[in-house]
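Listed below, chain by chain, are the residues.
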Amino acid sequence: MDAKMVAQCKSSTLSLARWKPKHPSVVGMLARPLDDNARGTGKSNAYEDNLFDHIAINRLSKSFQAATGFRNSRSGYESLVEATTVASQKFSPIQQHQLAIEALDRAFPKPMLLLIRTLLPPSSRFARKWYAIFTTLLFVWLVGPLEVRESEVNGRREKNVVHIKKCRFLEETNCVGMCINLCKIPSQCYIKDSLGMPVNMVPNFDDMSCEMIFGQDPPESSDDPALKQPCYKLCKAKKSHGTNCLS
């Protein structure tokens, strides 16, 4: 993967030329995973999404469809996967970052973000802990089961890490490029710009787990191991990703 192709967090105001999607806010609720290999497909989790999960998933899918201009007739998580796959194929890596940031910006009201930033100063241990807790409660529907873990910050142990057991989005897309360009990089930028909280997302492409480390700045693109990862052999979109998915 060519690190020069990856955009950095330059500004909280990013826009995509001639791209003006309109969609409702995304609401995150808990999805309920079934037992491992419940469908005999080899996947670690099969999901029974509840009503609120479906609302969140469908709204996020619609936002990507509006952004790309390509509609699909699927429903549930399959619709989201198809919509994001189209985004990965039709937009450059930098545009994908901007598209995802814009979607997040529209999903969360600015007054709410300002309130959170005021109540939880980003440099505090308390804030890092509660950002981790909030993440485990609000985004299970998108990435699967999560748990809070500890790491060492300034010589002390604290609960500032969110561990994603097996990322639902990565598992469904089987695409490293989509993970990097539509999740990792834009999420890191958005959280830092909107809440002032640095976060380093560290995907493990061997077992599809991931860690979100609150309070830690991500490495430079040239030093980030995730950006040098070749895509999976099963990736259906790798020819369209160019430098972001390598054969």
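See the structure printed just above.
Overview of the structure. It should be emphasised that the depicted structure is a prediction, and the values quoted were computed from it without experimental measurement.

The residue Asn154 is not glycine, and still its phi comes out positive at about 55°. Within the secondary structure, Asn154 is located in the loop between strand E3 (146-153) and strand E4 (156-164). Look at Asn174: it is not a glycine, yet its phi comes out positive at around 55°. Within the secondary structure, Asn174 is located in the loop between helix H7 (168-173) and helix H8 (176-195).

Taking strand neighbours across the sheet as the criterion, the 4 strands line up as E3-E4-E6-E5 in an open arrangement whose pairing is antiparallel. Only two strands of the sheet have a single partner each, and these edge strands are E3 and strand E5 (199-204). Neighbour to neighbour, the strand axes of the sheet diverge by 30° on average, direction disregarded. Sheet topology note: the E3/E4 ladder contains 7 bridges and is antiparallel.

Using the criterion set out here, one finds 4 aromatic pairs in the structure. Cluster of aromatic residues (ring-pair linked, three or more members): Phe126, Trp130 and Phe134. The ring of Tyr47 has Arg168 lying over it, and the distance from NZ or CZ to the ring centre is 4.0 Å. The lysine or arginine in question, Arg168, covers the ring of Tyr77, its NZ or CZ lying 4.0 Å from the ring centre.

A few words on the nonpolar core. Phe64, Phe205 and Phe214 are the most contacted members of the largest nonpolar core, which has 54 residues in total. The element that contributes the greatest number of residues to this core is H8, accounting for 11 residues. Not counting the four nearest positions on each side in its chain, Phe214 is found in contact with Arg128, Tyr131, Ala132, Thr135, Asn160, Val162, Met197, Pro198 and Val199.

Within the fold, Arg168 resides in helix H7. On the basis of relative accessibility, which here comes to 5%, the residue Arg168 falls in the buried class. Of note is the side chain of Arg168, whose polar atom sits 2.9 Å from the backbone oxygen of Trp141.

Turning next to helix H2 (residues 76-90). An ideal rise of 1.5 Å per residue puts 21 Å on 15 residues; H2 measures up with 22 Å between its terminal C-alpha atoms. What H2 keeps buried is the set Gly76, Tyr77, Ser79, Leu80, Val81, Ala83, Thr84, Val86, Ala87 and Ser88.

The next subject is the environment of Lys184. Here Lys184 shows up in helix H8. In the structure, Lys184 is positioned 26 residues away from Cys210 in sequence and 9.9 Å away in space, judged by C-alpha atoms. Setting aside residues no more than four positions away along its own chain, Lys184 makes contact with Cys179, Asn200, Met201, Pro203, Asp224, Ala226 and Leu227.

The rules we used
- Residues numbered from 1 in each chain as written.
- Predicted model: local features only at pLDDT ≥ 70, side-chain atom pairs only at ≥ 80, totals over all residues.
- Heavy atoms only, no water.
- Helix = DSSP H or I, 4+ residues; strand = E, 2+ residues; numbered from the N terminus.
- Pairing = 2+ DSSP bridges.
- Axes fitted to C-alpha atoms, helices over the stretch in contact; angles between N-to-C directions.
- Phe/Tyr/Trp six-rings, centres within 6.5 Å; stacked < 30°, edge-to-face > 60°.
- Lys NZ or Arg CZ within 6 Å of the ring centre and 35° of its normal.
- Core = buried A, V, L, I, M, F, W, Y, C linked by side-chain atoms within 4.5 Å.
- Buried < 20%, exposed > 50% of the residue type's maximum accessible area, 1.4 Å probe, protein only.
- Contact = heavy atoms within 4.5 Å.
- Polar contact = N/O pair within 3.5 Å; in protein donor to acceptor, adjacent residues only side chain to side chain.
- Expected span 1.5 Å × (residues − 1).

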